[in-house]
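What follows is each chain in one-letter form.
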Amino acid sequence: MHERVLSASPNWYCSRCSDVNRRGVLGFGAKSAVYLVKVTAASAAVLGELSGHTERVSGFAFCQHDGQESVCATSSDDGSVKIWDIEQKAVLAEHTAHQSTITSIHWSPVEKGLVVSGDEKGIVVCFWHGRNDTHSFFPEPRTIFCLACSPHNENHVAVGYKDGMIALMDISKKGEVMHRLRGHDEEIHALAWCPEPKEKDLYSQPEDSTDASNGLAEVGGGYLASGSRDQTVRIWSTARGKGVMTLKLPFLKRRGAGVDPGVKERLWLTVHWPKGRPSQIVSSCFGGELVIWDLTKSGKQKWTLLGSSADGQNHSRIVFNLSSVCVGDRELLISTSMDREIKCWDMASLECCWTLPTLGGFVYSLSFSPVGTGCLALGVGDNMIRVWNTLSIHNPYDTKTYWQSIKSKVTALAWHPAKEGSLAFGTDDGKVGIYEAYSNKPPQISSTYHRRTVYSLDWGPPVPPLSFGCSGDKPSYSLYSCGGEGVIFQHDPWKLSAEASNIDKLICDTNDIKHKLSPHTDLSWKPDGKVLAVGNEDGSIEVYGAPSLKLLCTVQQHHKIINTLRWHHQHSDQPELHSLLASGSSNAVVYIHDLHSAIENPSKSPVLVTEAFRSLSGHTNKITSLAWSPHHNARLVTVCYDGTAQVWDVLKEEPVCNYRGHSGRLLCVQWSPVDPDLVWTGGDDFTVQEWAVSKQEHARPPKSKRRVELEKKKAPQKKTKKKKKAAGKGGLKTEENVSPMGEEEKGGSGADEVQSEDEGEDEERERTTVSTVTLSTGLSKDASMDRCTAEKMQNGGKFFMTMKKEVKEERKKEKPELSLKKRKPRSMLPLSTSMDHRPKEELQQDCLTLATVRYAHGESVNHMPGSGEHIQLGLFTDREALCRMFQEEEDSHVEAGHYDSVMYLRLWKGDLIGALHMATEKGELTDHLLSLAPMAGYQVWARTVEAYVKQLCLQEQFLKAASHLVSIHKIYEAISLLKAHQFYREAIALAKARLQPHDPTLKDLYMSWAAVLEKDGHYTTAAKCYLAADCSFDAAKVIAKKGDVMSLKTAANLAKIAGESNLSHSLSLRCAKELMLSQDWLAAQDILRIQDTLLGHRLVFCVSELLTQRLSVTGVVSWSSASSHAWSKPTEEDFVSAIQRVWQSEFGLATADLGQIKAFHQLLRAIENPSTTASMPIKQLLSHVALDVARSVVSQLLSDWGSAVEELLQAVTRGFEVGHFSLMAEMCQLLLPQGLDSVGLCKQRLVQGDERSLFVSQSLEAFVCYQLLYKDWWKHSCTSATTTANSIKHTSVHQTPVENGDTNHERETGSQSEAQAAEAIVKSEGFWKVLLSEPHASLQATKRVIKDIQSRVASLVQQHSHPQEPRPSLGTQPQTHSTDLAEDVNSSEGPGNPLNKQRSSVADSESFPALVVQVTEHQKKLAALPNHLKDHSFPDVAECCIVLLYMDKHFGLIPHHLCEKATSLLLKYGTTGSLHKAWQRFTL
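Here we summarise the structure given alongside this text. Computed from a prediction, not measured in an experiment: that's the story for all the values here.

Comments concerning the overall build of the protein
Consideration 1: Across its full length, the protein holds 45 helices and 57 strands.
Consideration 2: Contacts in the protein between residues far apart in sequence, at least 24 positions, make up 56% of those at least 6 positions apart.
Consideration 3: With the model as given, the accessible surface of the protein reaches about 65,700 Å², and the carbon-plus-sulfur share is 51%.

See below:
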């Protein structure tokens, strides 16, 4: 499905999370998936992914046996081990025997069906997946870090532990430990077996020389290499059970002379023993370097650095996993690292072959450089920007990374339109900066920060104040940024240190706006720099003219926050497309608006646009980004939270293709600037994917119903699983918040290093992951739950539940006994009290000592009552002794943490300030202490209250804290405290009670609370807040946010009461249109009466109601009205006369008052009247027809018959343009009841010499004849009409009634008098003269030929886009439907016709340049035709000719010379294959 992919980064801190099979397929765990990459010596290509785990993949290993290269094993933090087939991307088997986090996994190189895994509790599980058998062993009660199965003995497994020990176990002897290898001081990161079983002599250190010469040197067992965090690699003899060599990591020059203490903590030392190299191992080093060790040498010759010939080849951070494979005659080494790069090394040259970049966060933004062709910038959530040269020939993944000064997620990017390499970026923490991509300098950072995430960046012309000054003193482009707080800043790229300007001030000053502007959410400058579009939080879009930012128009289409805006490119050959604006919001519909009129012919007051030019429906979630194709006219690609990208043909409102290659939500999209068939998308699955439009099998997005059902079905199961896991582990662990295992979890202190900076957002997507797993693996989670429940019951689960109940009952019985025993309170004087429990002799000695002290009479005494061993005597002597006793008791209470006792002792001795100080310091203040504080003075009391407030805030007693602040007259601080903790109602009550009525704090409270309420959907209360803050405009807008009729009506009335007439106008109109769609005509007119400015709309609604009632009688309208006026009931009165009568009675129209009629005319002209589209609903179509009719009636009253005829034609042809023949025929009957006589009467009233109106009347006359033609045909043969009309339906650009399946024509033939009148007209000479118009036939034939050639061009382009299909050379004809038709026409008509010769020459030289030349020639011919032919619709002349010949053949009604003329026109202009075949079938 995709072409190229930048995948998610391999998981960190895993002993074996990547592996490569014999076919050169690399697999690595990234987040909860496994990515598969095809590896060659020249490049790498992502093949796909394995999705099935619900949490981080902790281990991955391929089966290395012949014929099993496509089988692999994975382990995950979700507790499961799965066996996969990578070709089918399906799970073959799985087990959940582990109860703790799995830390390592390996596939036995000897036993084909054995997979061994270990967890952090020390359990080793052997899984024979072929027979679905598991055995668990517990060799050591230690945390396992890694393990490796012996390639020489199927029963031997080496296990490395966190404490540095290595155990060699035999699984055939119930996990018996054969050797315990001790030597490492810290955790074992990796183990690797020597590929040869014999332990040949290695270079031995002096302490090992005695062992090297004994008879065990050749005993089988094999060497084992281990890498540890203690910076050493050790080689072990598994036969002797001891170490034979120790390799210390070299101090490389790039690391400096010594090693920073932080380096040891960050070290990860992995080892790999390549096949066919028994004397060489590869290991990682301190900072990303790779070292190959020669075990037969010593000293500096022992190791060689990989990639030493050039800088930049090595990894920049620590390496986690190594694996090797032979591809052809070259041995390759694959490494994964913390720098998020996968590198391939040539083991012969020790040089880097290629680097595959990966991504460690959500892909928030994509941007192609307009100057550097093919340079794609990626904004990623791992705090880095990547610039990808997508057109690089030698390296398809040529990427450069920028990270300096970013320090946050990169959420927005924008290349400078003219300056090469200048890239603007915005971050999650509100930072805006500019990178110079072709220099090594750090970026320039704007001094103005957004308070929230930067969501959008764009370059545009400077606006005031930056636009002031001479041209040389100001930049040609300014940088504009939009942040999450709703503000747009203009930055000076020449001086980012200067303060950026908020464009809201300029908007308010220019447009005289007093109210608060809606928060902005996106912006887009029109490519010509003349117009700025701004999307808002309330769903509106405002279009401003540069440089003063005068408001040109407002688009009120969306009802939710605008997420993305894009203008159509300016290099289209159709200028009318340059003003198309595409917008996407949090609802699933994309709207396209044609703003050409508002931009090119701006009115004095801003225009309100409420109807879209095109609507694109199909997505099932919010739209996040969109992009116009720079290669096509009106082709758009959109991305959405539903996980798909959709390409649209905007003009046809049709989906082209749908891309479903991502496994998460999509966030950004870009169309390739060089290849019209390639699109790039990025999402929250940590990937960027390049895909071809022509290769997608789906046309539209998937429906969301099944996905919602799956999520609901899986949600309870996931919660159960988490609880079970937590119970097994004894608590939550760090990795639940950080995707990969951090260093701190594995014994280090690198807690600042994480796999993904998007871990919080990653957890939000767990439900989506569960759905993906279920769809991709086909496994039933419910079934697994049932199995788990059954196992629990078999293992004594029921007994455990019974025991639990018995324990509870025993505790209940014990409670009454415990309640009878009263606990003795703690003593205030524990030290002196304890002295009374000494032996009798000592107590008696105390009496003697006390007597000596009391009766000393001033003589010196060796005893100090109240301290030391005589502390208890302080209670019986003077106050000084008592104070000494209190002091020692206080010291004892402080040491024991009994601060309340200390405070009471200080209170007793009168030290109130000391008691308060102790309580404040220890956070033990109480209401009682606070009540005593005034005794120490006002200052002490105030400080104590402030300290108590802080204590209460820590205890989340905010209301009580605010009340205490009020007690010391700190009203503003109390209000701020309540506001900060969302107690807005209480804060407002306090402010209104204690502050002045016009205090700005009160308004700030109302506005803040309104913003929170609006965000939470409490629109009514938010409106009250806005009204209280004198912001009536915002109050009306927030009520209207809900979008229902009641809310819109309330908002409109509120806006009118508040004097916001423009807002009331727009809201009333929106409400009336909603009521019109529900056919509630009474309510619609009532709401329109609110505003006098809506009189024109009332006239249109009146005509629309009359028209609907008339059409309901004839059967064209099938629905019923909810309510209607009495004057709208159908009568025998002429339709136009009925309109005038109702206008006179309801709106006071006086036909003699020309001033009033002109005023009505201006009101109707001001109403927007867009063109008709094929997908337009019938109710909306009737409203447009009603506007045309209303304008025509007013023009007739003004005697402006030229405009009246043109508007009549537009009303009649709207039904023709959408294929609704019955509507067209009824409009002819209603507006022109006398048929051709009515048209003739209009022509007589036209101004002499008005050629345009004369041509319009001819088109109107043709449509009248057209529907009469069908009536006459149906009269003669109603039965044969269906078959005949169905046969010719391909000859017309619209649908006849028979094609449409319309049965109403039977009613139309029911009137005999009408049929006779129609027959008389059809037999007349003038009738056929109108329909058989040769100029119109020529125009229509030219359009058909152009369309035919364009279809062949599209077919040719599609053939060239598929590389597997041979390209047609010059002179060959591709096998397409168009050329088959051409051959059919040529063979039938012969070469005599000029158009046939032309088509024959095209068919003979079917090449792209030849077809382009043909299109150009016909377009010139089309341009040469008179404008009056092209400006107005006309029935298909060829179709009329075929019907004429058919009627002559079957009924004989047509004069001979007319038949000859029809035949001549068909021979001359009926050249397309479909027309010719229909003509042959009907007339021959």
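Further notes follow.
Looking at helix α12 (residues 879-896)
Consideration 1: The terminal C-alpha atoms of α12 lie 25 Å apart, and with 18 residues this matches the ideal 26 Å at 1.5 Å per residue to within 8%.
Consideration 2: Those residues of α12 that sit buried are A881, M885, F886, E889, E890 and H893.
Consideration 3: On its buried face, α12 sits against α10 (830-834) and α13 (899-908).
Consideration 4: Looking one or two places after α12, you find G897, whose phi comes out positive at around 85°.

Some words on the sheet that holds strand β26 (residues 319-327)
Consideration 1: With antiparallel pairing, 4 strands are arranged side by side in an open sheet as β26-β27-β28-β29. The strands lining the two open edges of the sheet, one partner per strand, are β26 and β29 (351-357). Across the sheet, the mean angle separating the axes of adjacent strands is 20° when strand polarity is ignored.
Consideration 2: With 8 bridges joining them, β26 and strand β27 (residues 330-337) adopt antiparallel strand pairing. What sits directly across from C326, in β27, is E331.

As for the pairing of strand β16 (residues 166-170)
Consideration 1: The buried count for β16 comes to 5 of 5 residues, which makes it a mostly enclosed element.
Consideration 2: Burial along β16 is two-sided: the residues I166, L168 and D170 and A167 and M169 are all buried.
Consideration 3: Here strand β15 (residues 156-161) runs beside β16; their pairing, made up of 5 bridges, is antiparallel. Paired with G160 across the bridge in β16 is I166.
Consideration 4: Where β15 hands over to β16, the hairpin turn is made up of 4 residues, of which G164 adopts a positive phi near 100°.

What to know about the nonpolar core
Within soluble globular proteins, side chains that are nonpolar generally end up buried alongside one another.
Consideration 1: In this structure, W1143, V1189, M1227, L1231 and W1328 are the most contacted members of the largest nonpolar core, which totals 92 residues.
Consideration 2: Per-element tally for this core: the top contributor is helix α33 (residues 1251-1276), with 12 residues.
Consideration 3: In contact with M1227, other than residues within four places in its own chain, are L1107, V1185, V1189, A1211, V1212 and L1232.
Consideration 4: Formed by 74 residues, the second largest nonpolar core is a distinct cluster that contains L1005, A1022, C1031 and M1076.

What about the packing of helix α26 (residues 1095-1114) against helix α29 (residues 1178-1197)?
Consideration 1: Relative orientation of the contacting elements α26 and α29 amounts to 115°, with a least axis distance of 8 Å. Between α26 and α29, the angle is such that the two are roughly perpendicular. Relative to α29, the crossing made by α26 is right-handed. Residue-level contacts link V1100, V1103, S1104, L1107, T1108 and L1111 of α26 to L1182, S1183, V1185, A1186, L1187, V1189 and A1190 of α29.
Consideration 2: Broken down by class, the residue content of the contact of α26 with α29 amounts to 10 nonpolar, 3 polar and no charged.

Observations concerning the pairing of strand β48 (residues 590-594)
Consideration 1: A large share of β48 lies buried, amounting to 4 of its 5 residues.
Consideration 2: Connecting strand β47 (residues 580-585) to the antiparallel partner β48 that follows it, the hairpin turn spans 4 residues.
Consideration 3: Pairing analysis gives 3 bridges linking β48 to strand β50 (residues 614-616), with the strands arranged antiparallel. Bridging from a neighbouring strand, Y591 pairs with S615 of β50.

Observations concerning the pattern of salt bridges
Consideration 1: One pass over the full model with this rule turns up 40 salt bridges.
Consideration 2: One network of salt bridges, with partners in common, ties together E140, R142, D163 and R180.

So, the environment of P141
Consideration 1: Following the sequence through the fold, P141 ends up in the loop between β13 (133-137) and β14 (144-149).
Consideration 2: By relative accessible area, which is 65% here, P141 ends up exposed.
Consideration 3: Between the C-alpha atom of P141 and that of Y161, which follows or precedes it by 20 residues, the distance is 9.7 Å.

Things to note about the side chain of S501
Consideration 1: Residue position: S501 is located in strand β41 (residues 501-502).
Consideration 2: Given a relative accessible area of 18%, S501 falls into the buried group.
Consideration 3: Filtering out sequence-adjacent residues up to four positions away, S501 remains in contact with P465, I488, F489 and Q490.

A closer look at the side chain of D170
Consideration 1: When you line up the elements, D170 lands in strand β16.
Consideration 2: For D170, which is buried and forms no salt bridge, the nearest opposite charge comes from K173, at a distance of 4.2 Å.
Consideration 3: The residues contacting D170, other than those within four sequence positions of it, are N155, H156, G175, E176 and M178.

Concerning the sheet that holds strand β32 (residues 384-389)
Consideration 1: Strand order in this open sheet of 4 strands is β30-β31-β32-β33, and the pairing throughout is antiparallel. Two strands lie at the open edges of the sheet, namely β30 (363-368) and β33 (398-402), each paired on one side alone. Going from strand to strand, the sheet's axes swing by 20° on average, the running direction of each strand aside.
Consideration 2: The sheet contact formed by strand β31 (residues 375-380) and β32 spans 6 bridges and is antiparallel. In the sheet register, V380 faces β32, and the bridge partner there is M384.

Overview of helix α24 (residues 1061-1077)
Consideration 1: The terminal C-alpha atoms of α24, which comprises 17 residues, lie 24 Å apart, in line with the 24 Å expected from a rise of 1.5 Å per residue.
Consideration 2: Of the residues making up α24, those classed as buried are L1063, S1064, S1066, L1067, S1068, L1069, R1070, C1071, A1072, L1075 and M1076.
Consideration 3: Looking at the buried positions of α24, the neighbouring elements they touch are β49 (607-609), α22 (1032-1039), α23 (1045-1057), α25 (1081-1088), α26 and α29.
Consideration 4: Remark: Q1079 follows α24 within two positions and exhibits a positive phi of approximately 60°.

Observations regarding the environment of F1408
Consideration 1: Within the secondary structure layout, F1408 lies in helix α41 (residues 1408-1424).
Consideration 2: Separated by 55 residues in the primary sequence, F1408 and V1353 have C-alpha atoms spaced 6.7 Å apart.
Consideration 3: Filtering out sequence-adjacent residues up to four positions away, F1408 remains in contact with V1353, L1356 and V1357.

Description of the packing of helix α18 (residues 971-980) against helix α20 (residues 1000-1016)
Consideration 1: Between α18 and α20, the least distance of the axes is 12 Å, while the angle of their chain directions is 5°. Taken together, α18 and α20 sit at an angle that is classed as roughly parallel. In this structure, α18 uses Y972, I975 and K979 to contact α20, whose residues at the interface are T1001, D1004, L1005 and S1008.

Criteria and cut-off values
- Residues numbered from 1 in each chain as written.
- Predicted model: local features only at pLDDT ≥ 70, side-chain atom pairs only at ≥ 80, totals over all residues.
- Heavy atoms only, no water.
- Helix = DSSP H or I, 4+ residues; strand = E, 2+ residues; numbered from the N terminus.
- Contact = heavy atoms within 4.5 Å.
- Areas by Shrake-Rupley, 256 points an atom, 1.4 Å probe, with all protein chains shown as cover.
- Expected span 1.5 Å × (residues − 1).
- Buried < 20%, exposed > 50% of the residue type's maximum accessible area, 1.4 Å probe, protein only.
- Pairing = 2+ DSSP bridges.
- Axes fitted to C-alpha atoms, helices over the stretch in contact; angles between N-to-C directions.
- Core = buried A, V, L, I, M, F, W, Y, C linked by side-chain atoms within 4.5 Å.
- Parallel < 35°, antiparallel > 145°, perpendicular 65-115°, else oblique.
- Left-handed = near helix turned anticlockwise from the far one by under 90°.
- Nonpolar A, V, L, I, M, F, W, Y, C, P; charged D, E, K, R; others polar.
- Salt bridge = Lys/Arg side-chain N within 4 Å of Asp/Glu carboxyl O.
- Lys, Arg positive; Asp, Glu negative; His and termini not counted.

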